[in-house]
Structures are given as structure tokens and as C-alpha cells.
There are 6 protein chains.
Amino acid sequence: MKISARNQIKGRIVEVSKGATTAHVRIDIGGAVVTASITNEAVDELGLKEGGDAYAVIKASDVMVAVD
Amino acid sequence: MKISARNQIKGRIVEVSKGATTAHVRIDIGGAVVTASITNEAVDELGLKEGGDAYAVIKASDVMVAVD
Amino acid sequence: MKISARNQIKGRIVEVSKGATTAHVRIDIGGAVVTASITNEAVDELGLKEGGDAYAVIKASDVMVAVD
Amino acid sequence: MKISARNQIKGRIVEVSKGATTAHVRIDIGGAVVTASITNEAVDELGLKEGGDAYAVIKASDVMVAVD
Amino acid sequence: MKISARNQIKGRIVEVSKGATTAHVRIDIGGAVVTASITNEAVDELGLKEGGDAYAVIKASDVMVAVD
Amino acid sequence: MKISARNQIKGRIVEVSKGATTAHVRIDIGGAVVTASITNEAVDELGLKEGGDAYAVIKASDVMVAVD
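About the cut-offs
Residues numbered from 1 in each chain as written. Chains lettered and ligands numbered in written order. Predicted model: local features only at pLDDT ≥ 70, side-chain atom pairs only at ≥ 80, totals over all residues. Heavy atoms only, no water. Buried < 20%, exposed > 50% of the residue type's maximum accessible area, 1.4 Å probe, protein only. Helix = DSSP H or I, 4+ residues; strand = E, 2+ residues; numbered from the N terminus. Pairing = 2+ DSSP bridges. Least-squares fit on C-alpha atoms with pLDDT ≥ 70 in both. Contact = heavy atoms within 4.5 Å.

A. The arrangement of the pairing of strand S6 (residues 64-67) of chain F in detail. Neither face of S6(F) is left uncovered, since the one carrying Met64(F) and Ala66(F) and the one carrying Val65(F) and Val67(F) both have all their residues buried. Two strands pair when backbone bridges link them, and strand S5 (residues 53-58) of chain E and S6(F) are joined in this way by three bridges, in the antiparallel orientation. Note that in S6(F) the partner of Val57(E) across the bridge is Met64(F).

B. View of the relation of the copies chain C and chain A. Screw-axis analysis of chain C against chain A gives a translation of 0.0 Å along the axis, an RMSD of 0.0 Å, and a rotation angle of 180°. Taken together, the rotation and translation describe the operation of a two-fold axis. Across chain C, the rotation axis passes nearest the C-alpha of Met1(C), at a separation of 2.6 Å. Of all interface residues in chain C, 100% are interface residues in chain A too; the two copies therefore contact each other through one and the same surface.

C. Seen up close, the sheet that holds strand S5 (residues 53-58) of chain C. One open sheet holds the six strands; their spatial order is S1(A)-S6(D)-S5(C)-S2(C)-S3(C)-S4(C), and the pairing between them is antiparallel. Both edges of this open sheet fall to strand S1 (2-3) of chain A together with strand S4 (33-39) of chain C, since each of them pairs with a single strand only. Here six bridges tie strand S2 (residues 7-18) of chain C to strand S3 (residues 22-28) of chain C, and the two strands are oriented antiparallel to one another. Bridge pairing links Val16(C) to Val25(C) in S3(C).

Spelled out as C-alpha cells, the structure:
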């Protein structure tokens, strides 16, 4: 499946922590670590676990820009 | 200002292209390039231009995870 | 690529209309028509056109619920 | 109340599961089932329960498009 | 229609500016002015114009918090 | 840090309630109260607590408009 989201950044999962319904997944994309807040279901369905390869996928309209 | 968004990734702007109301800003975060879709107004107000330092800021709930 | 987004609804593209930087793509998912606002770039890259098969992909945290 | 969101798809609630602060509501829209992640509060306030009629409401800028 | 979005703030429209596909609508909510980026279609369909009453509607998961 | 988000509304925190991974923070912006759903981590990192000053920060593309 190819998706329209402009940002698909490859990395390695460094942490998966599940809550009651929502999980946090951290992906090291080389230097920076990206945090994703997704459903527990998605974690199970994709078999996400520490050490696995994964992409952080972000729609361009969800990215803001900041300057110092 | 410190913001709650979990993802604040430093980089360098490599392209700013304005549309009628919406602009696309590309930030090289070291390896990957992140595309942000923001208002033309924000581009002007922050003085965003090619070559400038900037952060890509993304709320954790806007990040998805994908696997091959 | 398998993605964490909970909603991946198959349908057929019934309209693609490009603006200056942002395009609107309408997908008939069988009864309802879903409108997506994505970048012109994504339209070109995925080769989206009227009559083509496509999925509407939506993160669960972006879905609201309403009642009459 | 009429809202600007382009996508307002009528269906029937097939599951409501509450977490600590966040609930998942599944709406059968005729063929596909849409999952919404909303606050527990909203579930209570709207009286959402299995078997009830409801709309899945999604802003066009939150819809992505994918192809096989 | 009652919607799950936690934030429904009443105000008065102070500006509507259309782009190629995307419009910006500014709503004075009493002190602060909120900017919404919505489709031109939605502007037409709801008959939004300067001076009209309107609500800014925002899902809780799309609100961030910042401190000085 | 200056951010591109069009909406940065100053107020006072009136409630912070943490869940398993996700917290709800309510900010009184003068008349209206805005609810933000953010990570517990962000609450801790920014030291958010009842009575403190804070901004509700919202990207324009996440604001919808409604009329009666």
C-alpha cells in the first residue's frame, strides 16, 4: 500500500508502552526520536515491539514549523 | 514558549513554496526531509526561508506507525 | 506497507480537483463519498485519477462522533 | 448545528469501549466499520451506546489516500 | 446535530478569505480571534460571511498546551 | 520558540486529569474553557497544574466552523 502522507520516515522502535486504550511508540529515526500515540489494537495488529523496524508516518497538514 | 508537542525536531529549511493560502515548507532533519503544510501567514510571520534553521513540530497523536 | 491507522476504507475515486498547493480527492466508499484534502504532489506521486481504486485512510483520533 | 467538516457519514454504533480517559467507538457505516477515538466525557454527554444511530465526522484535511 | 468535539466556542466571523481550494475564516471569540482553515465548499455551504455568528469547533486531541 | 500555529490563546489552567497515558487539561481562556488531550509526559515536563498560566495552541487546519 502506498499512502499520500508526505512524511514516511524509517527508523527503529525503541519503546512501546501501552495504556488503557492508547499506546505510545517511540521510533529512533537517526538522531531524533519520534513519539507516536496510537491505539493498543494497532500495536498488536502490526506486531510492534522494541528493536523492530518501522516508519513514522505524518500527514503534511499535521506538521508545524517553529523557530528559536 | 515551551509546547506540549512531543516531537520537536531541529533541522534546516530546504524549500518554501507558497500557494494561494497554504504554503509547503520542507525541513531537512538530517537524512530525512519533513514536509509541513502551513498558512502563508505563518511563513511571513516567522520569516521562514530556505537555509534558515527551524524545528518540525508534531503532536504525538498525529503520528502513525507503519511496517513493511 | 501496513499502517497503524484504524480506518482504511476501500472505494473508487470520483473526483480529483487540484488547487494551488492542495487538492481535493473524493472517494466513493459505497453509499457515502469521502473527501480528502491532500497535497498536489501526493496526487501526482500516487497517480490518482477519476475511476481509480483507492483507500480513504483516517487515524482513529481524527474521527469525531455526532448524533441528531 | 451544521459543521464545516466535509465528511459526516451516518451509521450505527457497534461498540463502545472506554479506557482511563479515552474511549473507542466503532460505527458501522454500511460495509465498513469506522473507529473513533474520543474522550470518555463525550461518550457520556452524547449518550453513545451500542445499537444507537450516529455519524462519523471527519475533517477533509484529516483524510489520507492510499493505493495498492 | 450534537458532536463529540470538546471545544465548541461561540463567536462572530470577522474575516473570510478564500484561496484556490482552501479558505481561512477568522472568528472573534471574545478577546481572542481563532483562525480556521477549511474548504471553500464548506464556506459556501454554511453561508459563512463577515459579521455572522459561528462556532469554532476543535477536537480535544488537536489542542496543545504551551507555557512561557 | 515561536511556532507557526495560528491559534495561541492565553488562559489559566482550571483542571489537569491524568489517565493511563493520556491527560486532559482544561484552560479557561476568558469565558470559554478549552480542553486539551495531551500525553501525561507533557504534563510533567511542562509542570502543568491547576491555577497556572498556559496557552491553548491549535493549528488552523484543525479548527472547524459550525453554525446554528
